[in-house]
Amino acid sequence: MTEMQALIKAKGTVSLQSAAQPQLTGLDQVLIRVHTAGLCRTDLAVMRGLLPTPEPLIPGHEFSGTVIAVSEGVKDLNPGQRVTAMPVLPCFSCYACRARQHENCLQAQILGVHCDGAFAEYLVLPAAQVYALPDSLSWEAGAFAEPVAAAAAILDAPISVQMTGAILGRGRIAELSERLLRSQGFDKILRVEKASDLEPDACDWMIETGLATGDLSPLLKSLRPGGQLIVKSRHLPQLELSPALLIQRRIRLQGVYYGSFAWAIQWLEAHQSRLQDLWGAVLPAQQWEKAIALAEAGESAKIFLRWN
Ligand SMILES: [Zn+2]
Ligand SMILES: [Zn+2]
């Protein structure tokens, strides 16, 4: 059995250990050597035990790496290619998956949450979730495709450049969301830490990038009649809202999940030089404890682990 190093969460604690290197076991799979992996809020929630997961588990869902081997059936990916991956793994068997609407799979597993992820030297993924990276993208930029695709989900909401929008939050997700929207021609954007910093009736749409409480009333009051509240953070507290506010203002509540990975990679090619300030320390995997401490200390810059 070939061994690899991996960050493993077991019995409520996390440690760097030897683990069996994953192998290709079926059709349409890709074995990837992880180069760089980003630490995000989901990973911290998993490692702190705030998000229930199977154990033992290798966390991590944002990465860039190199294809080592592919199994039968894989056409467009070859050993040596630099890649990243969409971390939501469809079941390939439910109603939505059979209709080839993999993005609507309700039994999907999230890499590093429901199954072993990218805080390891190697991982195996279905080829359909793996995306080639252009040579021009740095390893950090490649590992940043997931946050960009997540931010690009805003563009799935029915918003337009004529509307005034508000982005709630001060961290890198809010900053990335604003840069992404401005790059698409949105220039009427208000950036505030919380909804109570906005005037009443301030905006046509509002997106949260993390809320301290689940009370949506202050958010609803800042939206104009017919406005949209866009929700994208998976780990919010249970949401509470006043039906009267929602109804009187005819507000649309819109959940968004992921935009296109292919689009995110193209966007990164054009914008990576203007994102460097959102990228913080890159630490060798052996310094994982320091990396977690840095990621927990602030949300202004992405912290990366180098695996190879
Ligand atoms: Zn993430
Ligand atoms: Zn499915």
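It should be emphasised that the depicted structure is a prediction, and the values quoted were computed from it without experimental measurement.

### Side note on helix H5 (residues 172–183)
Piece 1. Relative to the 16 Å expected for 12 residues at 1.5 Å per residue, H5 spans 16 Å between its end C-alpha atoms, a close match to the ideal helical length.
Piece 2. Of all the residues in H5, the buried ones are Arg-172, Ala-174, Leu-176, Ser-177, Glu-178, Leu-180 and Leu-181.
Piece 3. Positive backbone phi, at 95 degrees, marks Gly-185, one or two positions downstream of H5.

### Focus: the nonpolar core
A general feature of soluble globular proteins is that nonpolar side chains tend to end up buried together.
Piece 1. Counting 41 residues, the largest nonpolar core has Leu-39, Phe-63, Phe-119 and Leu-125 as the members making the most contacts within it.
Piece 2. If you tally residues by element for this core, the top one is strand S3 (residues 29–39), at 6 residues.
Piece 3. Core analysis: the second largest hydrophobic core is formed by 25 residues, Ala-149, Ala-151, Leu-268 and Phe-304 among them.

### Brief notes about the domain arrangement of the chain
Piece 1. Per the domain assignment, the segments of the chain are domain 1 (3–150 + 259–306) and domain 2 (158–255).
Piece 2. Between the C-alpha centres of domain 1 and domain 2 the distance comes to 28 Å.
Piece 3. Of the residues lining the interface, 22 residues belong to domain 1; the matching set on domain 2 comes to 15 residues.
Piece 4. The contact between domain 1 and domain 2 buries some 1,500 Å² in all, and 56% of this surface belongs to carbon and sulfur atoms.
Piece 5. Of all residues in domain 1, Arg-41, Trp-267 and Leu-278 bury the most surface against domain 2, accounting for 34% of the area lost on that side.
Piece 6. Linking domain 1 with domain 2 are 1 salt bridge.
Piece 7. In this structure, the connection of domain 1 to domain 2 is made through 6 residue pairs in polar contact (both at pLDDT 80 or more).
Piece 8. Put simply, the parts of the chain that give the side of domain 1 that touches domain 2 at least two residues each are helix H1 (41–47), helix H4 (145–152) and helix H8 (261–271).
Piece 9. Among the elements that make up the side of domain 1 that touches domain 2, the one with the highest residue count is H4 (4 residues).
Piece 10. Of the residues belonging to the side of domain 1 that touches domain 2, the class tally is 13 nonpolar, 3 polar and 6 charged.

### Some thoughts on the coordination of the zinc ion (ligand 2)
Piece 1. Surrounding the zinc ion (ligand 2) are the protein donor atoms Cys-91 (SG), Cys-94 (SG), Cys-97 (SG) and Cys-105 (SG), at 2.3 Å.
Piece 2. Here the zinc ion (ligand 2) binds 4 donor atoms, and the angle range of 105 to 116 degrees at the metal identifies the geometry as tetrahedral.
Piece 3. For the zinc ion (ligand 2), the single-chain donor residues occur in sequence as C-x2-C-x2-C-x7-C.
Piece 4. Taking the relative accessible area as the measure of exposure, Cys-91 reaches 25% and is therefore partly exposed.
Piece 5. Overall, Cys-97 belongs to the buried group, its relative accessible area being 4%.

Conventions we followed
Residues numbered from 1 in each chain as written. Chains lettered and ligands numbered in written order. Predicted model: local features only at pLDDT ≥ 70, side-chain atom pairs only at ≥ 80, totals over all residues. Heavy atoms only, no water. Helix = DSSP H or I, 4+ residues; strand = E, 2+ residues; numbered from the N terminus. Expected span 1.5 Å × (residues − 1). Buried < 20%, exposed > 50% of the residue type's maximum accessible area, 1.4 Å probe, protein only. Core = buried A, V, L, I, M, F, W, Y, C linked by side-chain atoms within 4.5 Å. Domains from an automatic or database assignment. Contact = heavy atoms within 4.5 Å. Buried area = accessible area lost by both parts, 1.4 Å probe. Salt bridge = Lys/Arg side-chain N within 4 Å of Asp/Glu carboxyl O. Polar contact = N/O pair within 3.5 Å; in protein donor to acceptor, adjacent residues only side chain to side chain. Nonpolar A, V, L, I, M, F, W, Y, C, P; charged D, E, K, R; others polar. Donors = N, O, S within 2.8 Å, 3.2 Å for Na, K, Ca; no water. Tetrahedral: all angles 85-135°; square planar, octahedral: opposite > 155°, others 65-115°.

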